[in-house]
Amino acid sequence: MSEDKKVIFSMNGVSKTYPSAHQPVLKNIYLSFFYGAKIGILGLNGSGKSTLLKIIAGLDKNFQGDVVFSKEYKVGYLEQEPQLDEEKTVLEVVKEGVAETVAVLEEYNQINDQFGLPEVYENADKMQQLMDRQAVLQDQIDAVNAWELDTQLEIAMDALRTPAGDQKIGVLSGGERRRVALCRLLLQKPDVLLLDEPTNHLDGESVHCKNRPTTAHARGVSRRGCWVIAVFENYRIGPMTHLTHHDCWQAAQHYNDARFEPLLSCWGIVVGDIKTCL
């Protein structure tokens, strides 16, 4: 079976009721997604859009029903209000998206420092152990072109117009924090992107870059292609039905903002009380 025909996610009979609520926010939901799908979710505030995303992302496990997600796919989730360490700088948070690569580079440099220690260069066995380990690290660095990591981070931050790398997270606005979080997420190379209100605080150029994995900043997104679930609020499109690309464009026109159009090039739409039309 080709990858684009493979169902990688299914949700069967899922319902959820919050303890303080008198009625379920999600009721008997059935969804199945092919790899490569682009899915938009439209609904009013409180209709359960974010709850649905959290269940898909595996963050909310307190529900009734069955959810199955193919384990070989890496999921990235951007919440509406990303939780970031306010004491860290923008660059430090962005680097969290490439933490494994940063760790490899740091270990490589630490080994270089150890070569200058008498207890190492005077001990042939220790020298050989360090050289063997450094050779392994060298291969890992070359495989991901990690020597260009600083340039890659600079390009990614510039494309999403994040604040300067030395700025503290604690002084940033909500929109600036969201840009930083999105930059970090893209650098993690997810196969699946779950984006809750993804165009909030983003200008047209930033959204355009985010939706084109061939652009420099998004090259970290899996080359196999990722699919997006985009959540937008406060737009009711009438009777629930299968929607065409034109219908989605009309929804974007309602906002009088063409930034939404690339994210809404999809068929699956959820509206109102989150009954599904898929």
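Residues numbered from 1 in each chain as written. Predicted model: local features only at pLDDT ≥ 70, side-chain atom pairs only at ≥ 80, totals over all residues. Heavy atoms only, no water.

Q: An account of the overall build of the protein is needed here, citing residue identities and associated values.
A: The helix and strand inventory of the protein stands at nine helices and nine strands. Residue pairs in contact within the protein that sit at least 24 positions apart in sequence constitute 71% of those at least 6 positions apart. When the accessible surface of the protein is summed, it comes to about 14600 Å², and 49% of that surface belongs to carbon and sulfur atoms. (Helix = DSSP H or I, 4+ residues; strand = E, 2+ residues; numbered from the N terminus. Contact = heavy atoms within 4.5 Å. Areas by Shrake-Rupley, 256 points an atom, 1.4 Å probe, with all protein chains shown as cover.)

Q: Before we move on, could you go through the packing of helix α3 (residues 99-114) against helix α5 (residues 124-143) and cite the residues and values that matter?
A: α5 packs onto α3 with a crossing angle of 150 degrees between their chain directions and a minimal axis gap of 10 Å. The orientation of α3 with respect to α5, classified from their angle, is roughly antiparallel. Viewed along their axes, α3 and α5 form a crossing whose handedness is left-handed. Counted together, V104, L105, E107, Y108, I111, N112 and Q114 of α3 and L130, R133, Q134, L137, Q138, Q140 and I141 of α5 form the full contact between these two elements. Of the residues assigned to the contact of α3 with α5, the class counts are seven nonpolar, five polar and two charged. (Axes fitted to C-alpha atoms, helices over the stretch in contact; angles between N-to-C directions. Parallel < 35°, antiparallel > 145°, perpendicular 65-115°, else oblique. Left-handed = near helix turned anticlockwise from the far one by under 90°. Nonpolar A, V, L, I, M, F, W, Y, C, P; charged D, E, K, R; others polar.)

Q: Describe in detail the nonpolar core, supporting the description with residues and values.
A: In terms of nonpolar packing, the biggest core is built from 33 residues, with V90, V94, I169, V180, C183 and L187 touching the most fellow members. Mapped onto this core, the elements with two or more residues apiece are α2 (90-95), α3, α5, α6 (149-159), α7 (174-187) and β6 (192-196). Looking at this core, the element that brings in the most residues is α7, giving seven residues. Residues in contact with L187, not counting those within four places in the same chain, are V94, G97, V98, L153 and A156. (Core = buried A, V, L, I, M, F, W, Y, C linked by side-chain atoms within 4.5 Å. Buried < 20%, exposed > 50% of the residue type's maximum accessible area, 1.4 Å probe, protein only.)

Q: With reference to specific residues and values, describe α3.
A: When the terminal C-alpha atoms of α3 are compared, their 22 Å separation across 16 residues agrees well with the 22 Å that a helix rising 1.5 Å per residue should span. Among the residues making up α3, those that are buried are T101, V102, V104, L105, Y108 and I111. Buried positions along α3 lie against α2, α5 and α6. (Expected span 1.5 Å × (residues − 1).)

Q: Please give an account of the pairing of β6 that cites residues and values.
A: Sheet faces and side chains relate simply in a regular strand, where the side chains alternate between the two faces. Across the five residues that make up β6, a large majority, five, are buried. Neither face of β6 is exposed, since V192, L194 and D196 on one face and L193 and L195 on the opposite face are all buried. Pairing geometry for strand β5 (residues 75-78) and β6, over four bridges, is parallel. Looking across to β6, one finds that G76 is bridged to L193. (Pairing = 2+ DSSP bridges.)

Q: Describe the side chain of T51, listing the residues and the values that go with them.
A: With respect to the helices, strands and loops of the structure, T51 is situated in helix α1 (residues 49-57). If we skip the residues at most four places from it in the chain, T51 touches K16, Y18, V25, L26 and D60.

Q: Quick one: what's the story with the side chain of S10, residue by residue and with numbers?
A: Secondary-structure assignment places S10 in strand β1 (residues 7-16). The residues touching S10, leaving out its near neighbours within four places in the chain, are L31, S32, D66, V67 and V68.

Q: Run through α6, naming residues and quoting values.
A: Buried residues of α6: L149, L153, A156, M157 and A159, and no others. Each buried residue of α6 sits inside an arc of 165 degrees when the element is viewed along its axis, so together they form one side. Across from the buried face of α6, at angles greater than 90 degrees, the exposed residues are D150, E154 and D158. Looking one or two residues beyond α6, the residue adopting positive phi is R161, at roughly 55 degrees. (Arc of directions from axis to C-beta.)

Q: Mind laying out the pattern of salt bridges, listing which residues take part and the relevant values?
A: Scanning the entire structure with this criterion turns up five salt bridges. One salt-bridge network, in which partners are shared between bridges, spans K88, E96 and R184. (Salt bridge = Lys/Arg side-chain N within 4 Å of Asp/Glu carboxyl O.)

Q: I'd like to hear about the confidence of the model for the protein, residue by residue, with values.
A: Averaged over every residue, the pLDDT of the protein is 76; the share at 70 or more is 69%. Element-level mean pLDDT values for the protein span from 36 in strand β9 (residues 275-276) up to 97 in α2. Contacts of residues 209-226 to residues separated by more than four positions or lying in other chains number 44 contacts, the stretch itself having pLDDT below 50. Every residue in residues 234-278 is under pLDDT 50, and counting partners more than four places away or in other chains gives 102 contacts. (pLDDT = per-residue confidence, 0-100.)

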